[in-house]
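# Structural overview
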Amino acid sequence: MTTMTARGSRRRTPGAVRRGLRRNLTAYGFLCGALICFGFFSWYPMVREFLLSFQKTNFVGPPEWVGLQNFQTVIEDSAFAQAWINTAAFTGLALVIGYAIPFVVAIVLNELRHAKGYLRFVVYLPVMLPPAVAVLLFKWFYDPGPGLFNQILSTVNLPTLSWLDSTSTALISLVLVSTWMNLGTGTLIYLAALQSIPSELYEAAELDGASLLRRVWHVTIPQTKLILLVMLLLQIVATMQVFIEPYLLTGGGPEDATVTVVYLMYQYAFSFGNFGGGGALGLMLMIVLMVFSAIYLRVSRDNQT
Amino acid sequence: MKPRNLAILLSAGLAFAAAGCGSDSGSTQSGASPSGSAAGAAAPVTISVGCQPPKSNPKERAQWDADVAEFQKANPTVTVKGNDAFPCIVPETFQAKLAGGDMDDVFYVYYTDVRKIIQAGQAADISPYLSEVPALANIRPDVMSVFKDGEKVYGLPRTNYSTGLVYNRKLFTQAGLDPDAPPKTWAEVQEAAKKIAGLGAGYVGFGEYSAGNTGGWHFTSSLYGRGGEVVSPDGKTAAFNSPQGKAVLENLKTMRWTNDSMGTKQLLRWEDLMRMMGSGKLGMMIGAPDVVKEVNNTFKGKFEDYGVAGLPEATASLSGGDGYMFNPKATPDQIKAGLKWLEFKFLTPGKGQFNYERAKNDGLPVGLPDTDLFGSTEPGAKVQELRKQFATVPVEHFQPYVDANANVQFKLEPPKAQEIYAILDTAMSAVLTRQDANVDQLLADAEKKANNVLARSS
């Protein structure tokens with residue numbers, strides 16, 4: 001009885017509902033916009049891709065359900081295992097190189113007293129280049145003949161490298177491109193995190209006689225732990241989807257050394273005309289990435305609480 | 001604008017846009033009767049046709065428009081709606097157009113995609129309507145076989161050529177070679193490549209693809225030239241692990257590592273070799289006269305600097321070219337109208353693409369032996385005569401190619417071509433990037449992989 005009374009007292013009159021709706025109309029309007037965008041450009045493609053991975057289609061007639069046949073096809077492909085190994089290696093190398101460098105650059109920028117704005121602009125500049133342009137720029141840098149990198153190596157009397165043309169250096173060459181292209185974004189995010197650290201902590205550490213390295217280890221890293229973790233997970237999700245670098249620089253070669261999962265997916269869909277196979281690969285990758293995304297959401301939620 | 005109004009407008013706009021995206025416009029319709037011939041020839045019909053020259057190519061576009069006007073005057077019930085695009089076909093948009101219902105009624109294809117499209121059921125069977133194309137009787141049977149699956153026909157060719165050896169005449173002269181006597185054997189190619197590479201840093205004697213499936217494509221071309229096969233006659237097993245296949249890779253390995261005549265940069269794809277050829281630093285590559293046209297039109301080369309010879313030692317050649325196929329959703333009337341248009345525009349000597357007099361007057365290059373659709377039939381002789389009469393490019397530079405190809409047999413791409421090309425890319429990139437590459441092992445590995453692909457498809 002008590003409960004019913006309480007419910008009854010909370011029941012709003014139609015007029016109040018109308019007023020509430022009117023008051024929040026702007027919010028609902030913007031929400032609808034976002035929902036439609038997400039619905040059509042993110043969720044709908046995901047659902048289509050999920051269905052596609054169990055179908056055989058030519059986009060003309062009705063699709064045929066083939067169960068797990070697409071998955072069997074791609075798993076039996078000789079390039080399948082290689083693509084996952086390469087993707088894992090790329091992600092690992094991108095974490096070692098591409099994760100650490102922006103953090104170090106941010107710390108250096110944060111410590112600078114002069115030309116801060118200019119250097120921030122210089123660091124962020126590569127992000128403003130269209131990715132295809134940036135990648136093609138590196139195609140010239142990596143040219144084993146007149147390329148910039150080998151010219152530099154020759155100038156300092158070091159042996160030149162084959163860069164993209166060698167199975168041992170091709171993948172790491174792609175990581176370098178990716179690191180350079182994304183350096184600016186990572187650095188700016190770290191810089192923002194560093195600037196939110198109270199200066200009193202550094203002053204106290206300095207008074208205690210802590211060196212720069214000890215200040216970084218005992219103040220900077222603990223204070224930016226969350227952002228470091230979030231960036232780590234986001235970077236794993238992003239780098240596992242690497243495509244443009246192998247597509248434009250190596251075409252998956254030499255000897256499949258740079259075939260990645262997304263590149264193989266592209267091959268299936270657009271070169272082989274097997275959209276079901278491409279969909280199956282996409283679904284597998286999506287499941288792997290969902291694990292990392294779930295960790296990311298958990299980390300974010302833990303921090304909020 | 002108030003934020004509330006802005007939000008409503010934004011949502012409404014997105015909803016309309018999304019609704020527009022979702023609608024299936026289907027094939028271009030214009031009152032065409034779906035029942036086809038029952039409605040009679042007088043029923044008005046509109047066809048959308050791909051590969052209209054883009055506005056950035058005003059002369060060829062004006063020619064297209066003039067041809068459309070002439071065709072429509074002769075066929076008043078047909079309206080031809082050209083859709084321009086450059087390049088004319090992009091794999092990424094092809095499937096999207098088909099899925100979205102935006103595919104042209106008469107769409108453009110490269111030979112390399114034809115088999116895949118037929119196998120996927122993405123083109124209409126035009127066999128019942130071929131009586132509309134009298135010119136068909138004169139088209140080379142080996143060319144028509146590109147568009148056939150069994151007895152069914154799925155398209156018509158626009159251009160056709162066999163692969164040869166494209167070479168830079170200027171570099172030949174600089175290297176002390178005779179540009180009028182291009183190499184006829186692979187041993188001669190090796191010698192010429194060495195001399196050209198010896199001109200100095202940056203000069204490449206012979207260039208070859210090895211990435212993005214183009215390596216496998218050219219491996220097939222070379223293999224066919226040497227008399228080899230990619231798959232067995234029943235199409236069930238790989239056949240490239242053969243003395244001919246080995247010779248293809250060994251030849252490249254020798255040029256790359258022993259002779260150092262292929263440059264240091266590898267993993268090259270189509271546009272890479274075009275750029276190198278256009279820059280004047282590349283001596284030779286496997287290609288057809290269309291390469292010279294592309295290098296001249298897009299990559300700043302000059303017609304007079306290039307020549308084309310036959311593929312060394314070749315008795316057979318992988319056929320190349322392009323053509324048109326029909327949207328499976330096109331109505332019979334649209335297919336008939338499309339066939340009439342294709343015959344007028346691309347298969348009639350003196351008209352459309354063979355109106356060499358007009359091309360010459362417009363300042364466009366004439367004289368390249370870039371298409372051979374009719375062989376030695378009467379229309380074939382007529383096309384050759386007109387081409388010679390109105391030639392603006394030095395035709396003698398391409399005569400070795402014409403002479404060498406007189407008896408070359410055209411061969412089709414293997415089944416599962418792109419999958420096999422991707423596998424063969426590995427072997428091609430290996431011999432060009434790794435000095436210790438084991439050719440036997442590479443071919444054995446590729447054979448195993450190709451057999452898996454073929455077994456899955458059969």
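Residues numbered from 1 in each chain as written. Chains lettered and ligands numbered in written order. Predicted model: local features only at pLDDT ≥ 70, side-chain atom pairs only at ≥ 80, totals over all residues.

### Thoughts on the overall build of chain A
Using the following cut-off: Helix numbers and strand numbers start at the N terminus; a helix is a DSSP run of H or I with at least 4 residues, a strand a run of E with at least 2. Radius of gyration here uses only the C-alpha atoms, and the compact-globule reference equals 2.2 Å multiplied by the residue count raised to the power 0.38. With C-beta atoms placed from the backbone, a residue is labelled by how many other C-beta atoms lie within 10 Å of its own: buried for 20 or more, exposed for 12 or fewer, partly exposed between the two. Residues are scored as being in contact if the C-beta atoms we place from backbone atoms lie within 7 Å.
Across its full length, chain A holds 15 helices and two strands. Compactness check: chain A gives a C-alpha radius of gyration of 25 Å against a globular reference of 19 Å for 305 residues, more than 25% above the reference. C-alpha extents for chain A along the principal axes are approximately 90 × 70 × 30 Å. Counting only residues that meet the buried cut, chain A has 31% of its 305 residues in that class. Expressed as a percentage of contacts within chain A between residues at least 6 apart in sequence, the contacts between residues at least 24 apart total 67%.

### Some remarks on the overall build of chain B
Broken down by element type, chain B carries 17 helices and 12 strands. Looking at chain B residue by residue over its 458 residues, the buried ones come to 48%. Restricting the contact set of chain B to residue pairs at least 6 apart, pairs at least 24 apart contribute 78%.

### Let's talk about the pairing of strand 1 (residues 45-52) of chain B
Residue and element names in this part refer to chain B. The test is simple: Strand pairing is defined by DSSP finding a minimum of two bridges between the two strands. Orient the strands so they point away from the viewer; a crossover is then right-handed if the path from the first strand over the helix to the second runs clockwise.
Where burial is concerned, most of strand 1 is hidden: seven out of the eight residues are buried. Pairing geometry for strand 1 and strand 2 (residues 78-84), over seven bridges, is parallel. Opposite Ile-47, over in strand 2, you have Val-80 as the bridge partner. With respect to chirality, the unit in which strand 1 leads through helix 2 (residues 58-74) into the neighbouring parallel strand 2 is right-handed.

### Quick look at unusual backbone geometry
If a residue is not glycine, its phi is most likely negative; likewise, a peptide bond is most likely trans. Following A:Gly253, the chain continues into A:Pro254 via a peptide bond in cis, with omega recorded as -10°. Mapped onto the elements, A:Pro254 comes out in the loop between helix 13 (244-250) and helix 14 (261-271). Even without being glycine, B:Cys51 reaches a positive phi, approximately 65°. Taking the C-beta count within 10 Å as the criterion, B:Cys51 has 22 such neighbours and is therefore assigned buried. Unusually for a residue other than glycine, B:Glu313 sits at a positive phi of about 60°.

### Points about the sheet that holds strand 8 (residues 204-207) of chain B
Residues and elements named next belong to chain B. What counts is decided by this rule: To get an axis, a line is fitted to the C-alpha atoms, and for a helix only the part in contact is used. The angle between two axes follows their N-to-C directions and goes from 0 to 180 degrees.
What the four strands build is an open sheet, ordered 8-9-7-10; its pairing is mixed. The open sheet has two edge strands with one neighbour each: strand 8 and strand 10 (306-310). Looking at each pair of strands side by side, their axes are set apart by 20° on average, direction ignored. Where strand 8 meets strand 9 (residues 282-287), three bridges bridge the pair, whose relative direction is parallel. Residue pairing for strand 9: Phe-206 is matched across the bridge by Met-284. Set on the sheet, helix 11 (residues 289-298) makes contact with strand 7 (164-168), strand 9 and strand 10; between it and strand 10 the angle comes to about 165°.

### Examining the interface of chain B and chain A
Quick reminder of the rule: Under this grouping Gly is polar, as are all residues other than the nonpolar Ala, Val, Leu, Ile, Met, Phe, Trp, Tyr, Cys and Pro and the charged Asp, Glu, Lys and Arg.
On the chain A side, the residues contacting the 42 residues of chain B number 37 residues. Residue assignment for the side of chain B that touches chain A shows that the elements contributing at least two residues are helix 1 (3-22), helix 3 (91-100), helix 16 (417-433) and helix 17 (439-457) of chain B. A total of 10 residues in the side of chain B that touches chain A trace back to one element, the largest contributor, which is helix 1 of chain B. The residue makeup of the side of chain B that touches chain A, split by class, is 17 nonpolar, 16 polar and nine charged.

### Concerning the confidence of the model for chain A
Quick note on the threshold: Scored from 0 to 100, pLDDT reflects the predictor's confidence in each residue.
On average, residues of chain A score 88 in pLDDT, and 95% of them are at 70 or above. Within the model, pLDDT remains below 50 along residues 1-8 of chain A, and this stretch shows zero contacts once partners closer than five positions in the same chain are excluded.

### Comments concerning the nonpolar core
Burial of nonpolar side chains together is a common tendency in soluble globular proteins. Formally: Put simply, a nonpolar core is a cluster of buried Ala, Val, Leu, Ile, Met, Phe, Trp, Tyr and Cys residues tied together by C-beta atoms within 7 Å.
Among the nonpolar cores identified, the biggest contains 113 residues, and A:Leu264, B:Val166, B:Met277, B:Met284 and B:Ala427 are the most heavily contacted of them. Sequence-distant contacts of B:Met284, defined by excluding residues within four places in its chain, comprise B:Leu165, B:Val166, B:Tyr167, B:Val189, B:Ala192, B:Ala193, B:Gly205 and B:Phe206. In this structure, B:Leu98, B:Val106, B:Leu339 and B:Val383 belong to the second largest nonpolar core, which totals 51 residues.

### Some points on helix 14 of chain A
Residues and elements named next belong to chain A. Helix 14 sits mainly inside the fold: 10 of its 11 residues count as buried. Of all the positions in helix 14, only Val-261, Val-262, Tyr-263, Leu-264, Met-265, Tyr-266, Gln-267, Tyr-268, Ala-269 and Ser-271 are classed as buried. Two residues or fewer past helix 14, Gly-273 is found with a positive phi of approximately 70°.

### Section: the confidence of the model for chain B
Residue and element names in this part refer to chain B. On average, residues of chain B score 88 in pLDDT, and 91% of them are at 70 or above. When the criterion is pLDDT under 50, residues 6-41 qualifies, and its contacts beyond four places in sequence or with other chains add up to 55 contacts. ipTM for the predicted complex: 0.76, alongside a pTM of 0.82.

### As for helix 3 (residues 25-52) of chain A
Residues and elements named next belong to chain A. Heads up, the condition is: Each helix should span, by expectation, one fewer than its residue count multiplied by 1.5 Å. Fitting axes to the seven residues ending at a residue and to the seven starting there, one defines the bend at that residue as the angle between these axes.
Between its first and last C-alpha atoms helix 3 spans 38 Å; for 28 residues at 1.5 Å apiece the expected length is 40 Å, and the two agree. Along its length, helix 3 reaches its greatest deviation from straightness, about 45°, at Gly-39. Looking at helix 3, one finds that the buried residues are Gly-29, Gly-33 and Leu-52.

### Considering the pairing of strand 11 (residues 316-326) of chain B
All names here are of chain B. Where burial is concerned, most of strand 11 is hidden: 10 out of the 11 residues are buried. Of the strand pairs in this sheet, strand 3 (residues 106-110) and strand 11 are connected by five bridges, and their pairing is antiparallel. Directly across from Phe-107, in strand 11, lies its bridge partner Met-325. Pairing geometry for strand 6 (residues 155-162) and strand 11, over seven bridges, is antiparallel. Its bridge partner being in strand 11, Pro-157 is matched across the sheet by Gly-323.

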